[in-house]
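Secondary and tertiary structure notes
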Amino acid sequence: MFYSLQIVALDLGIKMITSFKNRDVVSILDFTREELETLFEYADKFRKVEGKLNLLNGKVVSLAFFEPSTRTRLSFEVAAKRLGADVVSIIGEEASSIAKGENLADTIRMLDAYSNIIILRHRYEGAAKYAAEIAENPVINAGDGIQHHPTQAMIDLYTVKTLFGSIDGLVYVVLGDLRYGRAAMSFIYGLSLYKPKKLYVVAPQLLRIRNEVLQILKERGLPIEEKNDVREIISEADVLYVTRIQRERFPDPMEYEKVRGSYIVTLDLLEKGKSTLKVLHPLPKVDEIDHKVDTSRYAAYYLQARLGVPVRMSLLSLVSGVEI
Amino acid sequence: MFYSLQIVALDLGIKMITSFKNRDVVSILDFTREELETLFEYADKFRKVEGKLNLLNGKVVSLAFFEPSTRTRLSFEVAAKRLGADVVSIIGEEASSIAKGENLADTIRMLDAYSNIIILRHRYEGAAKYAAEIAENPVINAGDGIQHHPTQAMIDLYTVKTLFGSIDGLVYVVLGDLRYGRAAMSFIYGLSLYKPKKLYVVAPQLLRIRNEVLQILKERGLPIEEKNDVREIISEADVLYVTRIQRERFPDPMEYEKVRGSYIVTLDLLEKGKSTLKVLHPLPKVDEIDHKVDTSRYAAYYLQARLGVPVRMSLLSLVSGVEI
Amino acid sequence: MFYSLQIVALDLGIKMITSFKNRDVVSILDFTREELETLFEYADKFRKVEGKLNLLNGKVVSLAFFEPSTRTRLSFEVAAKRLGADVVSIIGEEASSIAKGENLADTIRMLDAYSNIIILRHRYEGAAKYAAEIAENPVINAGDGIQHHPTQAMIDLYTVKTLFGSIDGLVYVVLGDLRYGRAAMSFIYGLSLYKPKKLYVVAPQLLRIRNEVLQILKERGLPIEEKNDVREIISEADVLYVTRIQRERFPDPMEYEKVRGSYIVTLDLLEKGKSTLKVLHPLPKVDEIDHKVDTSRYAAYYLQARLGVPVRMSLLSLVSGVEI
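A brief report on the enclosed structure follows. (Residues numbered from 1 in each chain as written. Chains lettered and ligands numbered in written order. Predicted model: local features only at pLDDT ≥ 70, side-chain atom pairs only at ≥ 80, totals over all residues. Heavy atoms only, no water.)

When its secondary structure is counted, chain A shows 14 helices and nine strands. Since a compact globule built from 324 residues should have a radius of gyration of about 20 Å, the 19 Å found for chain A is in line with a globular shape. Principal axes of the C-alpha set define a box for chain A whose edges measure 55 × 45 × 40 Å. For chain A, with 324 residues in total, the buried portion stands at 61%. When contacts within chain A are restricted to residue pairs at least 6 apart in sequence, long-range pairs at least 24 apart make up 73% of them. When the 43 basic and 43 acidic side-chain charges of chain A are each reduced to a single mean position, those positions are 3 Å apart. (Helix = DSSP H or I, 4+ residues; strand = E, 2+ residues; numbered from the N terminus. Rg over C-alpha atoms; globule rule 2.2 N^0.38 Å. Buried < 20%, exposed > 50% of the residue type's maximum accessible area, 1.4 Å probe, protein only. Contact = heavy atoms within 4.5 Å. Lys, Arg positive; Asp, Glu negative; His and termini not counted. Charge placed at Lys NZ, Arg CZ, Asp CG, Glu CD.)

See below:
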């Protein structure tokens, strides 16, 4: 897989949009803290509801996943169906073959004609923004390129809020691939809307956060600091956000093997931290978290996955103009 | 991909069937002009309806796409779901693997047992007819072989009717692959049920309409004429129907490159025609229509794609015996 | 494809579970004869119902097919939808890619979070049991490894009951792959809950039933006997259960060709049996049954396929605690 390495200009200016209705969801930075609070209030309500609602009855939601992601796809699909919407999907081999042939604009026009909301995942930077410009119906970015995965950031922030009562005032450590990992970057962008006490970022040399991005985040007042070793700061952390380090990022397999070892989260490491420390991970994980952590008090990633449905129900409702 | 090159005997005799109920839809030639008018009246009604109806509640529609086609599949799926039906699908890798192993008859028997309507796409000439003989429930041909794609023809004719008020009395130019392109052939068969003023067909030497077909169409009274160059007759045209010319049809890549250039529709070409000229294309298109045409007054192909849903809703309703 | 050749310890002890509610369905041997009778009574009722019910309204059923099986998947999907449930699926390329990367435990946890019932098909022996241990919601085994496909056995037994009024007292011949064929093995395990008059098993040398399994079944009182040639005992048979012999099982293609010829079921063979003889096959079949049998009085496999939906509707209802 190839990613566009071109840095997309970061528009960090907060937009003042008073309503979610009919709105495209391209980047977590399109939202204000107040808007996210509204989203989280909705999610609190949806968490308490079992079964099916009829809030989106008669609506069709299309899922166009030109890059695979079972978890994101299924949680959107369950969210849409539990709201009463019908769902149609482009996934798998069919998606790959479209990605090779047909132009994206025509595909988006088709989905725009057949459905009321388009949920798009694409490996190209800016694909969601481009789709949003073409479609009359709202487009929701389910991950594109290497920076933006806004609904994952919403879920991650909501998980922190659920666990700690507040997103402000905590010490965060983000560990893993900060160069190509859009979940981690979107989480960091999301934190820039809040007031974390401290944000440490820890990545292998090759996968460090881009300097331009770091500068902009610092200018925005985010107390972000790079560290070489998670062990230096684990004792301060409230939240440890872990992402995968992909072998394919390394030209030299030996280099990968060396690096990987230093980025595996074990119970030993976590026991050096606070007893209230929580580990987040956007999943799927491979071996970057030792399996013993899964059943420990530190693991918050299964809760995080579970919260994907109520958060996405909230977003779909708000974008459809449904009030609850 | 291989196609059966055997010419299927054309049964151009008009069949008198007074009702759509429980009927198989194999070829556009199975229908009378009067029946298509009924279909179009239903489509007019469905176009005005938003959201979901309960006309097919409790029915299961199965989509068996042994050849991929996202647009046809999605518009059938949306049509079925908006009518209240449940949908199950065989697509992608699963469909390819069935196409390789299991015999089609057994697959059709399975779908016949599990669903109320079978929508079939297959690369083999006659697959839909064969399936229709096996299944007790109605089979709808979503494209098989190189001649028949009846629901595409219905949509195309309905698009013309929507744009011009009538299908009769117009000058048509059909451009592209007339040898293997079933959408173009089905459109031409559909026109043979009406009274076009003139029908010009323009194709590269290797992809010309089969002589036997041409003779039969002429005998049926269709004012069809072959032309070598679209520029000769563009000034007369009301409707320009464009289809893709596939590289794989040409033994010599150089031959393809030469031919392709003469079959690209540009704004320059269209501006030599009537100001009311409309371009149709069954989509997906690759580069046979210059992108500048997409946003011009000539482009009718996005409307055409959009009309896929109401036309297919009409057909599914009529075949299910629903009156509206 | 590789299968675990390790013999899983057979727990043939009958479990006394008075209710189906929230129960995992791992092996046909988890059920008592009485429980199966309850299931079959439900199936009798569902067979008489057309259209859609609302028994599982608000429930989400997830289908995770890490090994392809169109028939099993579609009949589960239709069953769930006709009961009013929503369905989400992991199939095809997506399933293969998960099977390669993510650990099964995390995938099951995700499905457990998003849905109310998990239907799992996997090539590894014991996958369903493992999933059942992880998930809080019920897991239904749609086939794993080389021994267990409990819902297929339920359908097969129900087909016999529908055809003959009783499962007891009949002479059964099971023909084909008894070493790797989980449908045949599950049917045999199922028969061990009943009192067949006789059970003959006929398989090529390489695909004979495992000795350990044979011994245990004999100890349980099943009147099972191996035979080399189906022609020896066809005249006694009431039910001939046929399964596929896969080329890949044979190291030597010539050996396969020789064997295959002796395991093709023809009208000639069947006419040597009782006039009431019925042929079952879990489908899909390739060439192990001559096509002339398909339309003969002997063929019961299309009925068997058709009964897949009511039996699976029954199981889904019972597991969900629905009473009808």
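After that view, the rundown keeps rolling.
Moving on: the interface of chain C and chain A. Chain C puts 18 residues into the contact, and the matching count from chain A is 25 residues. Across the chain C to chain A interface the summed buried area is about 1900 Å²; carbon plus sulfur atoms make up 55%. Interface area lost by chain C to chain A is led by Asp86(C), Glu94(C) and Tyr114(C), which between them contribute 30%. Here chain C and chain A share three salt bridges between them. Asp86(C) is the salt-bridge partner of Lys52(A), the closest N and O atoms lying 2.7 Å from each other. At the boundary of chain C and chain A, one finds ten residue pairs in polar contact (both at pLDDT 80 or more). Where the side of chain C that touches chain A is concerned, the elements lending two or more residues are β2 (86–90), α3 (92–100) and α4 (104–114) of chain C. (Buried area = accessible area lost by both parts, 1.4 Å probe. Salt bridge = Lys/Arg side-chain N within 4 Å of Asp/Glu carboxyl O. Polar contact = N/O pair within 3.5 Å; in protein donor to acceptor, adjacent residues only side chain to side chain.)

Attention now moves to the pairing of strand β6 (residues 198–202) of chain C. All names here are of chain C. With four of its five residues buried, β6 lies for the most part within the structure. Relative to β6, strand β5 (residues 171–175) is paired through five bridges, and the arrangement is parallel. Note on β6: the bridge partner recorded for Tyr 172 is Leu 199. Each parallel crossover has a hand, and for β5 linked through helix α7 (residues 182–191) to β6 it is right-handed. For β6 and strand β7 (residues 224–227), the ladder comprises four bridges, and the chain directions are parallel. Looking at β7, one finds that Leu 199 is bridged to Ile 224. (Pairing = 2+ DSSP bridges. Right-handed = clockwise from strand over helix to strand, strands pointing away.)

Their axes nearest at 10 Å, the elements helix α4 (residues 104–114) of chain A and helix α2 (residues 70–82) of chain B cross at an angle of 10°. One way to sum up the angle between α4(A) and α2(B) is to call them roughly parallel. Only Thr70(B), Arg71(B), Leu74(B), Ser75(B) and Val78(B) of α2(B) make contact with α4(A), whose side of the interface consists of Asp106(A), Met110(A), Leu111(A) and Tyr114(A). Here the residues of the contact of α4(A) with α2(B) are counted per class, giving five nonpolar, two polar and two charged. (Axes fitted to C-alpha atoms, helices over the stretch in contact; angles between N-to-C directions. Parallel < 35°, antiparallel > 145°, perpendicular 65-115°, else oblique. Nonpolar A, V, L, I, M, F, W, Y, C, P; charged D, E, K, R; others polar.)

Let us now look at the relation of the copies chain B and chain A. At an RMSD of 0.0 Å, chain B and chain A line up after a rotation of 120° and a shift of 0.0 Å along the axis. What the superposition gives is, in effect, a three-fold axis relating one chain to the other. Relative to the rotation axis, the closest C-alpha in chain B is found at Glu93(B), a distance of 3.8 Å. With a heterologous cut-off of 20% or less, the 4% of interface residues of chain B that recur at the interface of chain A puts this contact in the heterologous class. (Least-squares fit on C-alpha atoms with pLDDT ≥ 70 in both.)

All names here are of chain A. One open sheet accounts for five strands, arranged β7-β6-β5-β8-β9; its pairing is parallel. With one partner strand each, in any of the chains shown, β7 (224–227) and β9 (278–280) form the two edges of the open sheet. Going across the sheet, the axis of each strand differs from the next one's by a mean of 20°, ignoring polarity. Against the sheet, helix α6 (residues 150–164) makes contact with β5 (171–175), β8 (239–242) and β9, and its axis sits at roughly 170° relative to β9, the strand it touches most. Contacting β5, β6 (198–202), β7 and β8, helix α7 (residues 182–191) runs over the sheet at an angle of about 160° to β5.

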